[in-house]
Amino acid sequence: MRFGLCCIFLQEEIPFRTTTAKALSALPRREQLEKLSTLCTGNAGNLLLALQTVSRLKIGAFRILSGLFPRMTHPEVGYTVDELPQAPEIVDFLGRAKTFAKEHDIRLSFHPDQFIVLSSPTPAVVASAIRELDAQAEVAEAVGADVITLHAGGVYGSKEQALVRFCEVYGDLPERVRTRLALENDDISYTVRDLLPACYKTGIPLVYDVHHHRCNGDGLSIEEATYLSGETWLPSKREQYCHISSPRAGWGGADPKPHADYIDPADFPEEWLGRSMTLDVEAKAKELAVLRLMRDLKL
């Protein structure tokens, strides 16, 4: 089993910096690009440092921060890497990150923000989502990330119609997006059972989040959901991807959805023991939570 760290560190000093469109808008274009170039160069360098760190910690996967290159697709202050003064240095860092990840068998992924929705009935929302996904896929291609995990989005009055729209849009996505995109069951709307037909129709794999499944069940057992979602990864010959977290206030609390600092070992499904998969640990204590779970499971 390959354990994954999500985006940032708690104890290790590896910052990823960002900025706002408002702050950039106050600057002339040349100064915007200079500021963005500095941020992107620093973040690209720290991505390489992050991979070196997870390798040292014996963590086998890393989810790259969606905002690695801040405001890249913003309609007013957006940019391409080629426009940045330090573009060669940025490209070099990304290439070194790709090489390091490959040499040390670190699986890389992205998980775009919730506002990235392909099933929306509003064309402008979908167009914006496609631009963002393509930008993330461009970076994913540069660093060798093979998964971009996405939620199905809102219900908009009909899950069935929303998923029909999703499938239609999926077929027209750029190839570098389509070959990396995966769907994830969520804790409010879309269950594993809801998403499987869309996965079968499109060939898109399903990332199984066991915490979401426990919050938003569908009659499938954990064993059944694990197996069925695992089958969707077979055509692409990629390792199954799953997520785990524990409820911050416990399962008896008012709301089990928010994530705890650490994973309660009792929340780790025994059905997963001995199974080959990549498992992102979604916990507030970040690398400390990953390391503790690995120790608790003696893996």
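Counting of residues starts from 1 at the beginning of each chain's written sequence and follows it residue by residue. Residues qualify for local features only when their pLDDT is at least 70, as the model is predicted, and side-chain atom pairs are given and counted only at 80 or more; totals for whole chains, interfaces and linings, by contrast, use all residues. Only hydrogens and water are removed before side-chain values are computed, so all heavy atoms of the structure are retained for them.

J.: Tell me about the pairing of strand β3 (residues 107-110), and please be specific about residues and values.
T.: Burial status follows relative accessibility: with a 1.4 Å probe on protein chains alone, a residue under 20% of its type maximum counts as buried, one over 50% as exposed, and anything between as partly exposed. Secondary structure elements follow DSSP: runs of H or I of four or more residues count as helices, runs of E of two or more count as strands, with numbering from the N terminus. By the alternation rule, side chains of β3 split into Arg107 and Ser109 and Leu108 and Phe110, which are all buried. Pairing of strand β2 (residues 61-64) with β3 involves four bridges; the strand directions are parallel. Bridging across to β3, phenylalanine 62 finds its partner in leucine 108. The pairing criterion is simple: DSSP has to find at least two bridges between the two strands. Both β3 and strand β4 (residues 147-151) contribute to a ladder of two bridges, which runs parallel. Bridge pairing in β4 links phenylalanine 110 to isoleucine 148.

J.: Give a description of the side chain of histidine 243 that names residues and reports values.
T.: Residue position: histidine 243 is located in strand β7 (residues 241-244). Within 3.5 Å is the distance limit for a polar contact, defined as a pair of N or O atoms, with the added protein rule that one can donate a hydrogen and the other accept it, and that residues adjacent in sequence qualify only through two side-chain atoms. In this structure the side chain of histidine 243 is engaged in a polar contact, spanning 3.3 Å, whose partner is the side chain of arginine 63. Setting aside anything within four residues of it in sequence, one finds histidine 243 in contact with Arg63, His111, Thr149, Glu184, Val207, Tyr208, Asp209, Val210, Trp272, Leu279, Asp280 and Glu282. By definition, residues are in contact when any of their heavy atoms lie within 4.5 Å.

J.: Go over the packing of aromatic side chains, please, and point to the residues and values.
T.: In this analysis, rings of Phe, Tyr and Trp, with Trp reduced to its six-membered ring, are considered paired at centre separations within 6.5 Å, and the interplanar angle assigns stacked below 30 degrees, edge-to-face beyond 60, and tilted for intermediate values. In total, this model carries five aromatic pairs according to the counting rule given. Note on tyrosine 208 and tryptophan 272: the rings are 6.2 Å apart at their centroids and 80 degrees apart in plane angle, and the pair reads as edge-to-face. Of this pair, tyrosine 208 sits in strand β6 (residues 206-209) while tryptophan 272 sits in the loop between β7 and β8 (278-281), and the two are 64 residues apart along the sequence. Accessibility classification places tyrosine 208 together with tryptophan 272 in one group, the buried group. Ring centres of phenylalanine 268 and tryptophan 272 lie 5.7 Å apart, and the angle between their planes is 90 degrees; on these two criteria the pair is classed as edge-to-face. Across the pair, exposure class does not vary: phenylalanine 268 and tryptophan 272 are buried alike.

J.: Can you break down helix α5 (residues 159-171) residue by residue, with the values?
T.: The end-to-end C-alpha separation of α5 is 19 Å, in line with the 18 Å expected for 13 residues at 1.5 Å each. In this fold, the buried residues of α5 make contact with α4 (123-143), β4, α6 (175-178), β5 (181-184) and α7 (192-202). The span you would expect from a helix comes to 1.5 Å times its residue count less one.

J.: How would you sum up the pairing of strand β1 (residues 2-6)? Please name residues and give values.
T.: Of all five residues in β1, five are buried; the element is thus mostly enclosed. Here β1 shows two buried faces, one formed by Arg2, Gly4 and Cys6 and the other by Phe3 and Leu5. Direction of pairing for β1 relative to β8: parallel, over a ladder of four bridges. If you follow glycine 4 over to β8, its bridge partner there is aspartate 280. The sheet contact formed by β1 and β2 spans three bridges and is parallel. Considered in β2, the bridge of glycine 4 is made with alanine 61.

J.: Explain the sheet that holds β2 residue by residue, including any values.
T.: Reading around the barrel, the eight strands line up as β1-β2-β3-β4-β5-β6-β7-β8 and close back on themselves, with parallel pairing between neighbours. Neighbour to neighbour, the strand axes of the sheet diverge by 30 degrees on average, direction disregarded. Across four bridges, the pairing between β7 and β8 is parallel. Each residue of the ladder has a partner; that of isoleucine 244, found in β8, is valine 281. Only the contacting stretch of a helix is used when fitting its axis, a line to C-alpha atoms as for every element, and angles between N-to-C directions run 0 to 180 degrees.

Read these as spatial facts, not as claims about activity.
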